[in-house]
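Residues per chain, in single letters:
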Protein chains: 2
Amino acid sequence: MAGKERDTARTRRAVLDAAAAAVVAHGAGVSLDAIARAADVSKGGLLHHFGSRDALLLEVAEDQAELFRDAVAAAVDPADHAKGRLVRAYVSVTFAALDDGPAAHDYVVLAAALSAVPGVVEVMRLDKQRWDEAFAADGLDPDRVLLVVRAADGAAVAGLYEGGYDVEQLRRTRELLLALTREDGPLVGS
Amino acid sequence: MAGKERDTARTRRAVLDAAAAAVVAHGAGVSLDAIARAADVSKGGLLHHFGSRDALLLEVAEDQAELFRDAVAAAVDPADHAKGRLVRAYVSVTFAALDDGPAAHDYVVLAAALSAVPGVVEVMRLDKQRWDEAFAADGLDPDRVLLVVRAADGAAVAGLYEGGYDVEQLRRTRELLLALTREDGPLVGS
């Protein structure tokens, strides 16, 4: 990447991160001024690059979905050729984020706030569709995938209303979910 | 209940509901004035009954936990004497709330906002401990309970970042979780 492109990419990254943090702190009603201050750029520069406050927040939503998809893709073990490798990466990334503190909290609060921005619901639906397709291609029994993914999501969010995370229970949940991806077939009536 | 006590209970209920809605709309930084307006009572009356804004929000947190516990207790099928009856009621109440619209959304946003209020984290931890004890007494294999409860939690929150709920997937998840509570024993390595 040429120097100028690299600077542009770096500024874009800084603005998207600052905007996400500003929405978590102040809600979806956060002003463009507040985002500009947090990103240490001018309001004019923001408008030039993103067009409007809502267009910027829509890009935050797309960026969040992409960051998570990329993190899971990067976490797939290249030596793992068995069915469920994507689900295992999903579980690993979800639980790893919990070690870093209030990531899940911020993610949920951010999603709830961004939902009010025009176009964001469509971005989220498209992202869900991509996940559904990717999990279908991953090969495990669909009910097993649904159960493991939903339980990972639930474990990630539980700390929000349980007054923090129960580290030992998280470890147990993670091991159980990974073990469930290493078998296959129906979970009930067997 | 005497007339005066009934009025007091009714006012308390209206204030707690209005305060919860005001926190969802405006965040934990919501003013006592805004809560008083939403509840259609005087600020002086609020202070007289609850002591302070934070004391009121702490009571909102206790009330939310109690409402959910009571709803689950009421949903236990009196004809169901098998292990897992409490888990089945938990699943039923969690999914029934999703039919009513953005309940899970509000619950998570409310919990995230209330966490900042002094004493709320302790209330949440105590509530989690009560649930852990109640599930232990319910008799199913602990890993099975953990999996089902976390998957129900995850299904409830997924609509937040998936652009709404996939009704058919919710129905499938609910049936799967209920079926998982009707068997027992280890889920993996069998």
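Residues numbered from 1 in each chain as written. Chains lettered and ligands numbered in written order. Predicted model: local features only at pLDDT ≥ 70, side-chain atom pairs only at ≥ 80, totals over all residues. Heavy atoms only, no water.

Looking at the overall build of chain A
Reasoning step 1: The secondary structure content of chain A amounts to 9 helices and 0 strands.
Reasoning step 2: Moving toward the C terminus, one meets the helices and strands of chain A in the order α-α-α-α-α-α-α-α-α.
Reasoning step 3: Seen through its C-alpha atoms, chain A measures out along the principal axes to roughly 60 × 40 × 30 Å.
Reasoning step 4: Split into buried and exposed, the 190 residues of chain A put 45% on the buried side.
Reasoning step 5: When contacts within chain A are restricted to residue pairs at least 6 apart in sequence, long-range pairs at least 24 apart make up 71% of them.
Reasoning step 6: Put simply, chain A shows about 9,100 Å² of open surface, and 55% of that area lies on carbon and sulfur atoms.
Reasoning step 7: Each charge class in chain A can be summarised by its mean position, and for the 21 positive and 30 negative side chains these summaries are 2 Å apart. (Helix = DSSP H or I, 4+ residues; strand = E, 2+ residues; numbered from the N terminus. Buried < 20%, exposed > 50% of the residue type's maximum accessible area, 1.4 Å probe, protein only. Contact = heavy atoms within 4.5 Å. Areas by Shrake-Rupley, 256 points an atom, 1.4 Å probe, with all protein chains shown as cover. Lys, Arg positive; Asp, Glu negative; His and termini not counted. Charge placed at Lys NZ, Arg CZ, Asp CG, Glu CD.)

Some thoughts on the packing of aromatic side chains
Reasoning step 1: Here the structure, examined in full by the defined rule, presents 14 aromatic pairs over all chains.
Reasoning step 2: Relative to Tyr90 of chain B, the ring of Phe68 of chain B has its centre 5.4 Å away and its plane inclined at 85°; by these criteria the two rings are edge-to-face. Remark: Tyr90 of chain B occurs in helix 5 (residues 85-99) and Phe68 of chain B occurs in helix 4 (residues 53-75); sequence separation between them is 22 residues.
Reasoning step 3: The exposure class assigned to Tyr90 of chain B is buried, which follows from its relative accessible area of 7%.
Reasoning step 4: In textbook terms, an aromatic cluster arises when at least three aromatic residues are bridged by ring pairs, as seen for Phe68, Tyr90, Tyr107, Trp131 and Phe135 of chain A together with Tyr161 of chain B. (Phe/Tyr/Trp six-rings, centres within 6.5 Å; stacked < 30°, edge-to-face > 60°.)

Some details on the interface of chain B and chain A
Reasoning step 1: With 40 residues of chain B at the contact, the number on the chain A side is 40 residues.
Reasoning step 2: Carbon and sulfur atoms make up 63% of the surface buried where chain B meets chain A, a total of about 3,700 Å² over both sides.
Reasoning step 3: Here chain B is connected to chain A by 8 salt bridges.
Reasoning step 4: Its salt-bridge partner being Glu162 of chain B, residue Lys128 of chain A comes within 3.9 Å of it at the nearest N-O pair.
Reasoning step 5: Put simply, the parts of the chain that give the side of chain B that touches chain A at least two residues each are helix 6 (103-114), helix 7 (120-138), helix 8 (142-161) and helix 9 (167-181) of chain B.
Reasoning step 6: Of the residues forming the side of chain B that touches chain A, the biggest block, 13 residues, is contributed by helix 8 of chain B.
Reasoning step 7: For the side of chain B that touches chain A, a count of residues per class yields 22 nonpolar, 8 polar and 10 charged. (Buried area = accessible area lost by both parts, 1.4 Å probe. Salt bridge = Lys/Arg side-chain N within 4 Å of Asp/Glu carboxyl O. Nonpolar A, V, L, I, M, F, W, Y, C, P; charged D, E, K, R; others polar.)

Some points on the nonpolar core
Reasoning step 1: Membership of the largest hydrophobic core comes to 68 residues, with the highest contact counts inside it found for Leu56 and Leu114 of chain A together with Leu56 and Leu114 of chain B.
Reasoning step 2: Setting aside its immediate chain neighbours within four residues, Leu56 of chain B contacts Val15, Leu16, Ala19, Leu32, Ile35, Leu46 and Phe50 of chain B.
Reasoning step 3: Counting 56 residues, the second largest nonpolar core, distinct from the first, contains Val72, Ala104 and Leu180 of chain A together with Val148 of chain B. (Core = buried A, V, L, I, M, F, W, Y, C linked by side-chain atoms within 4.5 Å.)

Notes on the pattern of salt bridges
Reasoning step 1: Evaluation of the coordinates by the stated rule reveals 34 salt bridges over all chains.
Reasoning step 2: Put simply, Asp143 of chain A and Arg172 of chain B hold a salt bridge, and the shortest N to O gap is 2.9 Å. Here Asp143 of chain A is found in helix 8 (residues 142-161), whereas its partner Arg172 of chain B is found in helix 9 on a different chain.
Reasoning step 3: Across the salt bridge formed by Asp132 of chain B and Lys128 of chain B, the nearest N and O atoms sit 3.1 Å from each other. Pair noted here: Asp132 of chain B and Lys128 of chain B are both in helix 7, with a separation of 4 residues, about one helical turn.
Reasoning step 4: Assessed through its relative accessible area of 10%, Lys128 of chain B is described here as buried.

Some words on the UniProt feature "DNA-binding region" (unreviewed entry) in chain A
Reasoning step 1: When the UniProt feature table is mapped onto this chain, "DNA-binding region" (unreviewed entry) is found at residues 31-50 of chain A.
Reasoning step 2: In residues 31-50 of chain A, the share of helix is 80% and the share of strand is 0%. The end C-alpha atoms are 14 Å apart. (UniProt positions renumbered as here; feature names shortened; annotations may be inferred.)

Some thoughts on the relation of the copies chain B and chain A
Reasoning step 1: Turning chain B through 180° and shifting it by 0.0 Å along the axis lays it on chain A, with an RMSD of 0.0 Å. Seen this way, the second copy is the image of the first under a two-fold rotation axis.
Reasoning step 2: The share of interface residues of chain B whose copies in chain A are also at the interface is 100%, consistent with both copies meeting through the same surface. (Least-squares fit on C-alpha atoms with pLDDT ≥ 70 in both.)

A look at the side chain of Thr181 of chain A
Reasoning step 1: You can see Thr181 of chain A is positioned in helix 9 (residues 167-181).
Reasoning step 2: When residues no more than four places from it in sequence are discounted, the contact partners of Thr181 of chain A are Lys83, Gly84, Val87, Arg88, Leu140 and Val148 of chain A.

Thoughts on the UniProt feature "domain: HTH tetR-type" (unreviewed entry) in chain A
Reasoning step 1: Sequence positions flagged by UniProt for "domain: HTH tetR-type" (unreviewed entry) are, in local numbering, residues 9-68 of chain A.
Reasoning step 2: Helix makes up 83% of residues 9-68 of chain A and strand 0%, with an end-to-end C-alpha separation of 18 Å.

Focus: the confidence of the model for chain A
Reasoning step 1: For chain A, mean pLDDT is 92; residues scoring 70 or higher make up 97% of the total.
Reasoning step 2: Helix 7 (residues 120-138) of chain A holds the highest mean pLDDT among the elements of chain A, 97, whereas helix 6 (residues 103-114) of chain A holds the lowest, 82. (pLDDT = per-residue confidence, 0-100.)

Brief notes about the environment of Val24 of chain B
Reasoning step 1: Note on placement: Val24 of chain B falls in helix 1 (residues 3-26).
Reasoning step 2: Residues contacting Val24 of chain B, with those up to four places away along its chain left out, are Asp106, Val109 and Leu110 of chain B.

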